[in-house]
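Structural overview
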Amino acid sequence: MHSLLPDKILLRDINVSSTVTSIDKCPPITQEMTMREMIGKEGEKRLSEIGMEKMMVSMGHQSSGALTLWNYPSWMRNLVAHDMDGEDRPDPVDMAALEIYRDRERGVARYNEFRRNLLMIPISKWEDLTDDKEVIKALREVYGDDNEKLDLLVGLHAEKKIKGFAISETAFFIFLLIASR
């Protein structure tokens, strides 16, 4: 879900939000901040200065990113992680690579196995997953022709979206399972 995060946040004027009556109108933007400025000890200070109400109103009026390949927030690709005290750790982390690594380490089912577990039809070739030639080329470079090795997170982001929806068929199945509970 990190693909939903923006690279910058557009802070809105909450003092005029109560006077905005049309659903098409948003409170005016007062400031633009990068998400990198919102993490760590300095980020905590900024957030307390901004205030939770202004942050929530601002986020509520900002579009999220798309759940698709090559849309991972750039600030999370070279993230300086913090320890329990909020101090910087010595080496930056690529969260996109770390998420795939952690899935593999924890034994999260690969894409096809995950679909089988949901009683969905697995893919037998990359063209079953997507029509995007650039994506197919990249998948072949990483996984060769063995679609059984496709990582779940990569498959979910590469998968064709349902017409009129922002998510893929597999993600939709998960959404229905969770929503019905």
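Okay, so let's go over this structure. Given the structure is predicted, the values throughout are model-derived calculations rather than measurements.

Examining the pattern of salt bridges
In the structure shown here, the tally under the stated rule is 13 salt bridges. For glutamate 113, the salt bridge identified is with arginine 116, shortest N-O distance 3.5 Å. A residue pair is termed a helical-turn pair when its members lie 3 or 4 positions apart in one helix, as glutamate 113 and arginine 116 do in helix α4 (residues 111–117) at three residues. Each of Arg104, Arg110 and Asp151 takes part in salt bridges that share partners, so that together they form one network.

Points about the environment of arginine 140
Structurally, arginine 140 can be placed in helix α6 (residues 133–143). Separated by 25 residues in the primary sequence, arginine 140 and phenylalanine 165 have C-alpha atoms spaced 27 Å apart. Aside from chain neighbours lying at most four places away, what touches arginine 140 is Trp126, Glu127 and Asp145. Within polar-contact distance, the side chain of arginine 140 engages the side chain of glutamate 127 at 3.2 Å.

Some remarks on the packing of aromatic side chains
As enumerated under the stated definition, the model contains three aromatic pairs in all. Ring centres 6.0 Å apart and planes at 40 degrees place the aromatic pair tryptophan 126 and tyrosine 143 in the tilted group. One end of the pair, tryptophan 126, is in helix α5 (residues 126–129); the other, tyrosine 143, is in helix α6, with 17 residues separating them in the sequence. With respect to class, tryptophan 126 is no different from tyrosine 143; both count as buried.

Points about the environment of leucine 139
Structurally, the position occupied by leucine 139 is in helix α6. For leucine 139 and alanine 96, which are 43 residues apart along the polypeptide, the C-alpha to C-alpha distance reads 16 Å. If sequence neighbours within four positions are ignored, leucine 139 has contacts with Trp126, Leu129, Gly144, Leu150 and Val154.

Section: the nonpolar core
Core analysis: the largest hydrophobic core is formed by 13 residues, its most contacted members being Ile9, Leu11, Met33, Ile50 and Met55. Secondary-structure elements contributing two or more residues to this core are β1 (8–12) and α3 (95–105). In this structure, methionine 33 is in contact with Lys8, Ile9, Leu11, Met38, Arg46 and Ile50, ignoring residues within four places of it in sequence. Within the second largest apolar cluster, 12 residues are counted, among which are Trp126, Leu129, Val135 and Leu139.

Here we look at α6
Those residues of α6 not exposed but buried are Val135, Ile136, Leu139 and Tyr143. Taken around the axis of α6, the buried residues stretch over an arc of 100 degrees, which confines them to a single face. The outward face of α6, more than 90 degrees from its buried face, is lined by the exposed residues Lys133, Glu134, Lys137 and Glu141. On the buried face of α6, the contacting elements are α3, α5 and α7 (152–158).

Here's the deal with a nonpolar patch on the surface
A grouping of Met52, Met56 and Met59 is seen on the molecular surface, where their side chains present a nonpolar patch of about 330 Å² in accessible area. When you line up the elements, methionine 52 lands in helix α2 (residues 52–60).

Things to note about unusual backbone geometry
Despite not being glycine, tryptophan 70 has its phi angle at roughly 60 degrees, a positive value. Relative to the helices and strands, tryptophan 70 is located in the loop between α2 and α3. Non-glycine residue leucine 119 carries a positive phi angle of around 65 degrees. Locating leucine 119 in the fold gives a position in the loop between α4 and α5. Its relative accessible area of 79% is what places leucine 119 among the exposed residues.

The rules behind the values
- Residues numbered from 1 in each chain as written.
- Predicted model: local features only at pLDDT ≥ 70, side-chain atom pairs only at ≥ 80, totals over all residues.
- Heavy atoms only, no water.
- Salt bridge = Lys/Arg side-chain N within 4 Å of Asp/Glu carboxyl O.
- Helix = DSSP H or I, 4+ residues; strand = E, 2+ residues; numbered from the N terminus.
- Contact = heavy atoms within 4.5 Å.
- Polar contact = N/O pair within 3.5 Å; in protein donor to acceptor, adjacent residues only side chain to side chain.
- Phe/Tyr/Trp six-rings, centres within 6.5 Å; stacked < 30°, edge-to-face > 60°.
- Buried < 20%, exposed > 50% of the residue type's maximum accessible area, 1.4 Å probe, protein only.
- Core = buried A, V, L, I, M, F, W, Y, C linked by side-chain atoms within 4.5 Å.
- Arc of directions from axis to C-beta.
- Patch = residues over 30% accessible without salt bridge, like charges linked within 9 Å, V, L, I, M, F, W, Y side chains within 5 Å.
- Areas by Shrake-Rupley, 256 points an atom, 1.4 Å probe, with all protein chains shown as cover.

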